[in-house]
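Below, each chain spelled out in residue letters.
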Amino acid sequence: LAILSGDIIIVRGDIELVPEIIKIARKTRSRILQNLLWAFLYNSLLIPTAMTGFIPPELSAFAMGISSITVVLNSIR
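Thresholds applied
- Residues numbered from 1 in each chain as written.
- Predicted model: local features only at pLDDT ≥ 70, side-chain atom pairs only at ≥ 80, totals over all residues.
- Heavy atoms only, no water.
- pLDDT = per-residue confidence, 0-100.
- Helix = DSSP H or I, 4+ residues; strand = E, 2+ residues; numbered from the N terminus.
- Expected span 1.5 Å × (residues − 1).
- Buried < 20%, exposed > 50% of the residue type's maximum accessible area, 1.4 Å probe, protein only.
- Arc of directions from axis to C-beta.
- Contact = heavy atoms within 4.5 Å.
- Patch = residues over 30% accessible without salt bridge, like charges linked within 9 Å, V, L, I, M, F, W, Y side chains within 5 Å.
- Areas by Shrake-Rupley, 256 points an atom, 1.4 Å probe, with all protein chains shown as cover.
- Salt bridge = Lys/Arg side-chain N within 4 Å of Asp/Glu carboxyl O.
- Axes fitted to C-alpha atoms, helices over the stretch in contact; angles between N-to-C directions.
- Parallel < 35°, antiparallel > 145°, perpendicular 65-115°, else oblique.
- Nonpolar A, V, L, I, M, F, W, Y, C, P; charged D, E, K, R; others polar.

**Q** Got a minute to help me understand the confidence of the model for the chain in this structure?
**A** Regions with low pLDDT should not have their predicted coordinates read in detail. Looking at the chain, the pLDDT average stands at 84 and 96% of residues meet or exceed 70. Confidence, read as mean pLDDT per element, is least for helix α1 (residues 2-5) in the chain (68) and greatest for helix α2 (residues 18-52) (88).

Here's what the structure looks like:
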């Protein structure tokens, strides 16, 4: 029950790891927000421009692929 209700679970029993865990959690949250921003920008800019005919739909589809690659590479970073 303690494991299920805990925000942080220390497996090794070293309490000094808590600041490092919090730092990793903050970086992870930052990357998630960056990825959401990238995906939102690509979707909100390129899909409407393709729908209105300003750019070819193929270019918009290519940009969506690049968006996915960007998100994956940012996550790996």
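**Q** What's the story with helix α3 (residues 57-76) in this structure? I'm lost.
**A** An α-helical turn contains 3.6 residues, so a residue and the one three or four places further along point in the same direction. Between its first and last C-alpha atoms α3 spans 29 Å; for 20 residues at 1.5 Å apiece the expected length is 28 Å, and the two agree. Listing the buried residues of α3 in full gives S60, A63, S67 and N74. For α3, the angular spread of buried residues about the axis comes to 55 degrees, placing them on one side. Within α3, the exposed residues directed more than 90 degrees away from the buried face are E58, A61, F62, L73 and I76. Taken together, the buried residues of α3 touch α2.

**Q** Quick question: what am I supposed to make of a nonpolar patch on the surface here?
**A** On the surface, a nonpolar cluster with roughly 700 Å² of combined accessible area is contributed by L59, F62, I66, I69, V72, L73 and I76. Note on placement: I69 falls in helix α3.

**Q** So what exactly am I meant to see when it comes to the environment of P57 here?
**A** If you trace the backbone, P57 turns up in helix α3. Using a relative accessible area of 53% as the deciding quantity, one classes P57 as exposed. Taking the C-alpha atoms as reference points, P57 and L46, separated by 11 residues in sequence, lie 9.1 Å from one another.

**Q** Is there a simple way to think about the packing of α2 against α3 in this case?
**A** The geometry of a pair of packed helices is captured by two quantities: the angle between their axes and the separation between those axes. At their nearest, the axes of α2 and α3 sit 10 Å apart, and the two run at 180 degrees to each other. Between α2 and α3, the interaxial angle falls into the category roughly antiparallel. On α3, the residues touching R31, Q34, N35, W38, A39, Y42, N43, L46, I47 and A50 of α2 are P57, S60, A63, M64, I66, S67, T70, V71, N74 and S75. Broken down by class, the residue content of the contact of α2 with α3 amounts to 11 nonpolar, 8 polar and 1 charged.

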